[in-house]
Amino acid sequence: MTGTAHEASYLTQEAYDRLSAELSRLTGEGRSDISRRIEDAREEGDLKENGGYHAAKEEQGKMEARIRQLEALLRNAVVGTAPADDGVVEPGMVVTVEMFGDTEIFLLGSREIIDDGDDLDVFSEKSPLGAAIAGHRPGDVVTYGAPNGKQVEVKIIKAKPYQD
């Protein structure tokens, strides 16, 4: 286990491995490729009018941002098996709640846990909703302050470990 409880994000071993491979690809061949494209574009001449150069630099910035995001996520990840199937809301759980008279189902944790094909909504455990429901059980009713300043009441219906 790495990271502290406050800054850690739960990841399955599969998600951790997938993200580690992405980071390795980006910091290796990704950086080499973008450097080569920038150098090729520089050789074309005037950088002010060089669309290829500016596009490559923009792509480099996005790639470096993703590298920083992955490094932070992996550095602070709690990796392992799914949380216990004990009904307690915690990162890595698919939570069913009732809000505003509607039933909502979402994963509590990092968006990086889910497979690309899974259209499950994700709420961070650090979000106002995530922080409010963490540690609670089905039947509990909690309130949290929404970004608009209103208090939102949430009833926890079910919490089950995410299966990828």
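Check the entry above for the structure.
Residues numbered from 1 in each chain as written. Predicted model: local features only at pLDDT ≥ 70, side-chain atom pairs only at ≥ 80, totals over all residues. Heavy atoms only, no water.

Chemist: Any chance you could explain helix 1 (residues 13–42) here in plain terms?
Modeler: Two residues of an α-helix separated by three or four positions point the same way, owing to the 3.6 residues in each turn. In this model, helix 1 (30 residues) spans 42 Å end to end at C-alpha, consistent with the 44 Å of a helix rising 1.5 Å per residue. Of all the bends in helix 1, the largest measures some 40 degrees and sits at Gly30. Taken residue by residue, helix 1 has Ala15, Leu19, Glu22, Leu23, Leu26, Gly30, Ile34, Ile38 and Ala41 as its buried positions. Looking at the buried residues of helix 1, the elements they touch are strand 1 (9–12) and helix 2 (51–75). (Helix = DSSP H or I, 4+ residues; strand = E, 2+ residues; numbered from the N terminus. Expected span 1.5 Å × (residues − 1). Bend = angle between axes of the 7 residues up to and from the residue. Buried < 20%, exposed > 50% of the residue type's maximum accessible area, 1.4 Å probe, protein only. Contact = heavy atoms within 4.5 Å.)

Chemist: What exactly am I supposed to notice about the pairing of strand 3 (residues 93–99) here?
Modeler: Within strand 3, six of the seven residues are buried, which leaves it mostly tucked inside the rest of the structure. Sheet topology places strand 3 next to strand 4 (residues 102–108); seven bridges connect them, and they run antiparallel. Each residue of the ladder has a partner; that of Val94, found in strand 4, is Leu107. Between the end of strand 3 and the start of strand 4, which pair antiparallel, lie two residues, with Phe100 showing a positive phi angle near 55 degrees. Bridge count for strand 3 against strand 7 (residues 151–161) is seven bridges, and the pairing is antiparallel. (Pairing = 2+ DSSP bridges.)

Chemist: Honestly, the sheet that holds strand 7 in this entry has me stumped. Any pointers?
Modeler: Think of a sheet as strands paired side by side through backbone hydrogen bonds, with each pair either parallel or antiparallel. The strand order 5-4-3-7-6 describes an open sheet built from five strands, whose pairing is mixed. If you trace the sheet from one side to the other, it starts and ends with strand 5 (121–123) and strand 6 (141–145), each paired once. Averaged over all pairs of adjacent strands, the angle between strand axes in this sheet comes to 45 degrees, irrespective of strand direction. (Axes fitted to C-alpha atoms, helices over the stretch in contact; angles between N-to-C directions.)

Chemist: How should I be thinking about the packing of aromatic side chains in this particular structure?
Modeler: Both the distance between ring centres and the angle between the ring planes are used here to describe each pair of aromatic rings. Across all of its chains, the model carries one aromatic pair by this definition. A centroid spacing of 4.8 Å and a plane angle of 75 degrees characterise the contact between Phe106 and Phe123, whose relative ring orientation is edge-to-face. Linking Phe106 in strand 4 with Phe123 in strand 5, this pair joins segments that are 17 residues apart in sequence. Taking relative accessible area as the criterion, Phe106 reaches 1% and is therefore assigned buried. (Phe/Tyr/Trp six-rings, centres within 6.5 Å; stacked < 30°, edge-to-face > 60°.)

Chemist: Even after reading the chapter, I still don't get the nonpolar core, so can you show me in this structure?
Modeler: The tendency in soluble globular proteins is for nonpolar side chains to be buried as a group. One finds Leu11, Leu19, Leu107, Ile113 and Tyr162 to be the most contacted residues of the largest nonpolar core, which totals 24 residues. Among the elements of the structure, strand 1, helix 1 and helix 2 are those that each provide at least two residues to this core. For Leu107, the residues in contact, after removing those within four places along its chain, are Gly92, Met93, Val94, Ile113, Ile114, Leu120, Asp121, Val122, Phe123 and Tyr162. With 17 residues, the next largest nonpolar core counts Val89, Leu108, Ile133 and Val152 among its residues. (Core = buried A, V, L, I, M, F, W, Y, C linked by side-chain atoms within 4.5 Å.)

Chemist: What should I look at first to understand the environment of Val79 in this one?
Modeler: Among the structural elements, Val79 can be located in strand 2 (residues 77–80). In sequence terms Val79 and Asp17 are 62 residues apart; their C-alpha atoms lie 9.8 Å from each other. Here Val79 is in contact with Leu11, Thr12, Gln13 and Tyr16, once residues within four sequence places are set aside.

Chemist: How do you make sense of the packing of helix 1 against helix 2 when you look at a structure like this?
Modeler: The N-to-C vectors of helix 1 and helix 2 enclose an angle of 160 degrees; their axes lie 9 Å apart at closest approach. The angle between helix 1 and helix 2 places the two elements in the roughly antiparallel class. The hand of the helix 1/helix 2 crossing is left-handed. Partitioned by chemical class, the residues of the contact of helix 1 with helix 2 number 14 nonpolar, five polar and nine charged. (Parallel < 35°, antiparallel > 145°, perpendicular 65-115°, else oblique. Left-handed = near helix turned anticlockwise from the far one by under 90°. Nonpolar A, V, L, I, M, F, W, Y, C, P; charged D, E, K, R; others polar.)

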